[in-house]
Every structure is written in C-alpha cells, then in structure tokens.
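So you can see what is in the structure, the chains are spelled out below.
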Amino acid sequence: MKNIPISIITINRNNADGLEKTMQSVATQTFKEFEYIVIDGASTDGSVEVIKRIEPQFAHLKWVSEPDKGIYNAMNKGIRMASGDYIQILNSGDSLAAPNVTQRMISALEQLDFPS
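Keep in mind that what you see is a predicted model, and the values were worked out from it rather than measured.

Turning our attention to the overall build of the chain. Scanning the chain for helices and strands turns up four helices and four strands. Tracing the chain from N to C terminus, the helices and strands come up as β-α-β-α-β-α-β-α. Here the C-alpha atoms of the chain give a radius of gyration of 14 Å, agreeing with the 13 Å that 2.2 N^0.38 yields for 116 residues. Seen along its three principal axes, the alpha-carbon backbone of the chain occupies a region of about 45 × 25 × 25 Å.

Pasting the structure below:
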C-alpha cells in the first residue's frame, strides 16, 4: 500500500444504525486515498453485518469486532492499526458535513510546514 495521508477511525458498540450512517458518510467522500478503520466492540445488534455489507465501498478498510475495555481502549486499538500520516476519529453515529471534507482537510494539512 502506498503512503496513505489519513486514517479515519470509527469505534462502535451495538449501534448498527449509527454505524451505517457513519460508514456511508465516509464512503461518499470525494477524496478516496484514505484508510478506514472500524473497531467494533463485539456488537450483538447486526453491526458486523453492516460492516460486511458496506465494506466493498472502501479501497482501504480494516476492521475488527472483538471485546474491548471501553471507548478509549477501542480508540487506542484503532490508532495502533493506523498507517496514515494523520488520524481522524469519527465515532459511530457521527457523519462528515460534506463529501469534500476529507479533501479539504488534506489540502489544509499539506499547506502547513511541520518541522522534520
């Protein structure tokens, strides 16, 4: 996999409807060169089926469904899986405001001059 500029992480537990809303929001982004990571806390409400159904819409998707030790443990699990230069956390039920949000973030980040 070539260098991915951003990893978007979604954590979820038993919020299949919210997860679907979030994943669809991410899938409609016009900028496609991102890594998407879904951390599911062993949901029993059909969340895994949502992931599997929407998975083909992503070029770079990683996901896991297993017990965790809470919201921050799940976030840290996603961060450890991330390979992007930047990380964005978008929780289950949240959505991006427009289809060009990721492109605008990447453009803004590219204009910044970070010391090496």
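Let's shift gears to a nonpolar patch on the surface. On the surface, a cluster of nonpolar side chains totalling about 220 Å² of accessible area is made up of I79, I87 and I89. Its relative accessible area of 41% is what places I87 among the partly exposed residues.

Attention now goes to unusual backbone geometry. The residue N14 is not glycine, and still its phi comes out positive at about 50°. Position of N14 relative to the elements: it lies in the loop between strand 1 (6–12) and helix 1 (16–27). A positive phi is found at A42, a non-glycine position, where the angle reads about 60°. Along the chain, A42 turns up in the loop between strand 2 (34–40) and helix 2 (47–54). You can call A42 partly exposed: its relative accessible area is 28%.

Those residues of helix 2 that sit buried are S47, V48, V50, I51 and I54. Projected down its long axis, helix 2 shows its buried positions confined to an angular sector of 155°, all on one face. Set apart from the buried face of helix 2 by more than 90 degrees, the exposed residues are E49 and K52. Here the buried face of helix 2 lies against strand 1, helix 1, strand 2 and strand 3 (61–65).

This next bit is on the side chain of K77. Within the element layout of this structure, K77 appears in helix 3 (residues 71–81). Filtering out sequence-adjacent residues up to four positions away, K77 remains in contact with I39, V64, E66, P67 and D68.

Pairing of strand 2 with strand 3, which is carried by five bridges, proceeds in the parallel orientation. Counterpart to D40 in the pairing with strand 3 is S65. Of the crossover connections in this fold, the one passing from strand 2 over helix 2 to the parallel strand 3 is right-handed.

Moving on: the nonpolar core. Ranked by size, the top nonpolar core spans 20 residues in total, and within it M23, V26, F34, Y36, V38 and F58 carry the most contacts. Secondary structure elements with two or more residues in this core: strand 1, helix 1, strand 2, helix 2 and helix 4 (101–111). The element best represented in this core is helix 1, accounting for five residues. I9, I39, A74 and M75 belong to the second-largest nonpolar core, a separate cluster that totals seven residues.

What counts and what doesn't
Residues numbered from 1 in each chain as written. Predicted model: local features only at pLDDT ≥ 70, side-chain atom pairs only at ≥ 80, totals over all residues. Heavy atoms only, no water. Helix = DSSP H or I, 4+ residues; strand = E, 2+ residues; numbered from the N terminus. Rg over C-alpha atoms; globule rule 2.2 N^0.38 Å. Patch = residues over 30% accessible without salt bridge, like charges linked within 9 Å, V, L, I, M, F, W, Y side chains within 5 Å. Areas by Shrake-Rupley, 256 points an atom, 1.4 Å probe, with all protein chains shown as cover. Salt bridge = Lys/Arg side-chain N within 4 Å of Asp/Glu carboxyl O. Buried < 20%, exposed > 50% of the residue type's maximum accessible area, 1.4 Å probe, protein only. Arc of directions from axis to C-beta. Contact = heavy atoms within 4.5 Å. Pairing = 2+ DSSP bridges. Right-handed = clockwise from strand over helix to strand, strands pointing away. Core = buried A, V, L, I, M, F, W, Y, C linked by side-chain atoms within 4.5 Å.

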